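Chain by chain, the residues:
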Amino acid sequence: GSASYEILPLSGADISGAYREPRELEVIDAYRRSPDAWRKPAQAKLTMLVVDQPPLADDADATARDRWTARMRQRADSAAAALEHGASLDDLAHEVGSLHRDVTVTPDNFPGYWKGDAKDVAAVFAAKPGSIVPTPVSNGRGWLVVRVDAQTPGHVAPLREVVKEVRGNLRNEARLHGQDRELRAMYEAKKSDLHVEAWKVRYAVFDTAGAIAD
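Residues numbered from 1 in each chain as written. Predicted model: local features only at pLDDT ≥ 70, side-chain atom pairs only at ≥ 80, totals over all residues. Heavy atoms only, no water.

A.B. asks: What's the story with the overall build of the protein chain in this structure? I'm lost.
C.D. replies: From N to C terminus, the protein chain includes 5 helices and 6 strands. Listed by position from the N terminus, the elements making up the protein chain come as α-β-β-α-α-β-α-β-β-β-α. Burial status across the protein chain gives 26% buried among its 214 residues. Within the protein chain, contacts between residues separated by at least 24 positions form 69% of all contacts whose residues are at least 6 apart in sequence. (Helix = DSSP H or I, 4+ residues; strand = E, 2+ residues; numbered from the N terminus. Buried < 20%, exposed > 50% of the residue type's maximum accessible area, 1.4 Å probe, protein only. Contact = heavy atoms within 4.5 Å.)

A.B. asks: When you look at the packing of helix H2 (residues 62–84) against helix H3 (residues 89–96) in this model, what are you seeing that I'm missing?
C.D. replies: For any two helices packed against each other, one specifies the inter-axial angle together with the distance between the axes. Running from N to C, H2 and H3 cross one another at 165°; their axes reach a closest spacing of 11 Å. The angle between H2 and H3 falls in the class roughly antiparallel. Viewed along their axes, H2 and H3 form a crossing whose handedness is right-handed. Only Leu89, Leu92, Glu95 and Val96 of H3 make contact with H2, whose side of the interface consists of Arg75, Ala79, Ala82 and Leu83. Class assignment of the residues belonging to the contact of H2 with H3 gives a composition of 6 nonpolar, no polar and 2 charged. (Axes fitted to C-alpha atoms, helices over the stretch in contact; angles between N-to-C directions. Parallel < 35°, antiparallel > 145°, perpendicular 65-115°, else oblique. Left-handed = near helix turned anticlockwise from the far one by under 90°. Nonpolar A, V, L, I, M, F, W, Y, C, P; charged D, E, K, R; others polar.)

A.B. asks: What exactly am I supposed to notice about the pairing of strand S2 (residues 43–51) here?
C.D. replies: Two faces, one strand: in a regular strand the side chains alternate between the faces of the sheet. The buried count for S2 comes to 7 of 9 residues, which makes it a mostly enclosed element. Here S2 runs beside strand S5 (residues 143–152); their pairing, made up of 9 bridges, is antiparallel. Paired with Leu46 across the two strands is Val148, which belongs to S5. Bridge count for S2 against strand S3 (residues 97–105) is 7 bridges, and the pairing is antiparallel. For Met48, the partnering residue across the bridge sits in S3 and is His100. (Pairing = 2+ DSSP bridges.)

A.B. asks: Any chance you could explain the pattern of salt bridges here in plain terms?
C.D. replies: Close approach of charged atoms lets side chains of opposite charge pair. Scanning the entire structure with this criterion turns up 6 salt bridges. As a salt-bridge pair, Glu24 and Arg167 come within 2.6 Å of each other at their nearest N and O atoms. Of the two residues, Glu24 sits in helix H1 (residues 24–33) while Arg167 sits in helix H5 (residues 159–190), which places them 143 residues apart along the sequence. For Arg101, the salt bridge is made with Asp90, and the minimal N-O distance between the two is 2.2 Å. With a gap of 11 residues between them, Arg101 in strand S3 and Asp90 in helix H3 connect regions that are remote in the sequence. Residue class for Asp90 comes out partly exposed when judged on its relative accessible area of 36%. (Salt bridge = Lys/Arg side-chain N within 4 Å of Asp/Glu carboxyl O.)

A.B. asks: Where do I start with the side chain of Thr47 in this structure?
C.D. replies: With respect to the helices and strands, Thr47 occurs in strand S2. At 2.6 Å, the side chain of Thr47 forms a polar contact with the side chain of Asp149. When neighbours within four sequence positions are excluded, Thr47 is seen to be in contact with Leu89, Leu99, His100, Asp102, Val145, Val146, Arg147 and Asp149. (Polar contact = N/O pair within 3.5 Å; in protein donor to acceptor, adjacent residues only side chain to side chain.)

A.B. asks: What's the story with the nonpolar core in this structure? I'm lost.
C.D. replies: Leu49, Val51, Leu83 and Val145 are the most contacted members of the largest nonpolar core, which totals 17 residues. Mapped onto this core, the elements with two or more residues apiece are S2, H2, H3 and S5. When residues in this core are grouped by element, the largest group, 6 residues, is from H2. In this view, Val145 contacts Thr47, Met48, Leu49, Val51, Ala76, Ala79, Ala80, Leu83 and Ile132; residues no more than four positions away in its chain are not counted. Judged by nonpolar contacts, the second largest core, of 16 residues, contains Phe110, Trp114, Leu144 and Val148. (Core = buried A, V, L, I, M, F, W, Y, C linked by side-chain atoms within 4.5 Å.)

A.B. asks: Looking at this structure, I do not really get a nonpolar patch on the surface. What am I missing?
C.D. replies: Taken together, the side chains of Trp199, Val201, Tyr203 and Val205 make up a nonpolar region of the molecular surface, amounting to roughly 600 Å² of accessible area. Note that Tyr203 resides in the segment after H5. Given the relative accessible area of 67%, Tyr203 is considered exposed. (Patch = residues over 30% accessible without salt bridge, like charges linked within 9 Å, V, L, I, M, F, W, Y side chains within 5 Å. Areas by Shrake-Rupley, 256 points an atom, 1.4 Å probe, with all protein chains shown as cover.)

Nothing here speaks to function; it is all geometry.
In structure tokens:
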């Protein structure tokens, strides 16, 4: 026979004993009350072929830069077509540039060398795993040919993935409320010592320095 089980490890360092630990039903209820708090964005894992070889000369003028950029775009289009027909990314990288592997992105978080726009981001998340994004993407000094290796759609994380965070939030609430109770008790105990005499004073100020002599 066989059995499946899940373990919820609790770190002793997280349990101070100064306040009540949240019960399991409280953890579940806190999770269900705020599903949007546990929503995870869509995520994709990419391999990017950088097309920037042969390099642009350091002293190139604007016209030379434009020609070089156009040439790199042609090489990027050719590389994308070759990949669609079974070419190897590693082989192409030796010819046209280099590779960025295992790049994990979300719709709002791409690496700094990515200079694509909203349409490029949408194309990444519309592509099927294993496919090449149809249009090369600018990286400022060249082009990126992008392969989508894996996709995870946006979703609400299951409780097992965020249970430590949920429990930690409940512990913080318990700790803060515990401090409130302690402060309230200290105030009640010392309240009689806090009575002091006070006087209300009314006064006026005359500025003689600004007076004008007749």
